[in-house]
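Fold and geometry: a report
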Amino acid sequence: MFSDIGALELVTLVVLAVLVFGPDKLPKVIQDVSRFIRKVREFSDSAKQDIRSELGPEFKDFEFEDLNPKTFLRKQLESNEDLKELKELRGTFDLKKEMNEVADAVHGRETAPAPAPAAVNGSPDLLKKQDKPDTGERPPYDSDAT
């Protein structure tokens, strides 16, 4: 709950609490707050039990944490057969190799070039580096780009 509060922030909160409530009333305030938190947790637990009992035996595996979209998707993917195919596909992808190829290209080092596909269906290869036009020749005009 308070996992992102550092030591300095905690000390600041304690000093602020002592200044606001005073050293006399601070223990009573802490007891009241802890009692309130305990009652809220009890109410939440009893509400969860009531909902589970009303849903019936069909939903015995129902967990309220499943209402979180991340948890729900993770659970659905783990039970899905497509996950195995996804893991196989992930295994064939080598991120280090791809990053090294990109770094080599950026730094101008030569790597073993992969065979570039020729024009597919009559369309030019957009990844192929274009030849520079002559000095008197105008560059091609692309009406979609302007």
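Values in this document were obtained by computation on a predicted structure and should not be read as measured data. (Residues numbered from 1 in each chain as written. Predicted model: local features only at pLDDT ≥ 70, side-chain atom pairs only at ≥ 80, totals over all residues. Heavy atoms only, no water.)

Regarding the overall build of the chain
Helix and strand content of the chain: 4 helices and 0 strands. A total of 146 residues make up the chain; the buried ones form 5% of that total. Just so you have it, the chain exposes about 14400 Å², and 60% of that area is on carbon and sulfur atoms. (Helix = DSSP H or I, 4+ residues; strand = E, 2+ residues; numbered from the N terminus. Buried < 20%, exposed > 50% of the residue type's maximum accessible area, 1.4 Å probe, protein only. Areas by Shrake-Rupley, 256 points an atom, 1.4 Å probe, with all protein chains shown as cover.)

Digging into a nonpolar patch on the surface
Residues I5, L10, L13, V14 and V18 make up a contiguous nonpolar surface patch of roughly 390 Å² in combined accessible area. Mapped onto the secondary structure, V18 falls in helix 1 (residues 7–55). Of the residues examined, V18 reaches a relative accessible area of 33% and is grouped as partly exposed. (Patch = residues over 30% accessible without salt bridge, like charges linked within 9 Å, V, L, I, M, F, W, Y side chains within 5 Å. Salt bridge = Lys/Arg side-chain N within 4 Å of Asp/Glu carboxyl O.)

Here's the deal with the pattern of salt bridges
Tallied over the entire structure, the rule returns 2 salt bridges. Among the salt bridges present, the one from R35 reaches D32, with a minimum N-O distance of 3.1 Å. Of this pair, R35 and D32 both sit in helix 1, separated by 3 residues, roughly a single helical turn. In this structure, a network of salt bridges that share partners links the residues K28, D32 and R35.

Quick word on the confidence of the model for the chain
Considering every residue of the chain, the mean pLDDT works out to 78; 75% of them sit at 70 or more. Considering each helix and strand of the chain separately, the mean pLDDT is smallest for helix 3 (residues 82–92), with a value of 70, and largest for helix 1, with 90. (pLDDT = per-residue confidence, 0-100.)

Some remarks on helix 1
If you check helix 1, its first and last C-alpha atoms are just 44 Å apart, much less than what 49 residues at 1.5 Å a residue would give, namely 72 Å. Positioned one or two residues after helix 1, G56 has a phi angle of 95°, which is positive. (Expected span 1.5 Å × (residues − 1).)

Considering the environment of I5
For I5, the position within the fold is in the segment before helix 1. Beyond its immediate sequence surroundings of up to four residues, I5 is in contact with L10 and L13. (Contact = heavy atoms within 4.5 Å.)

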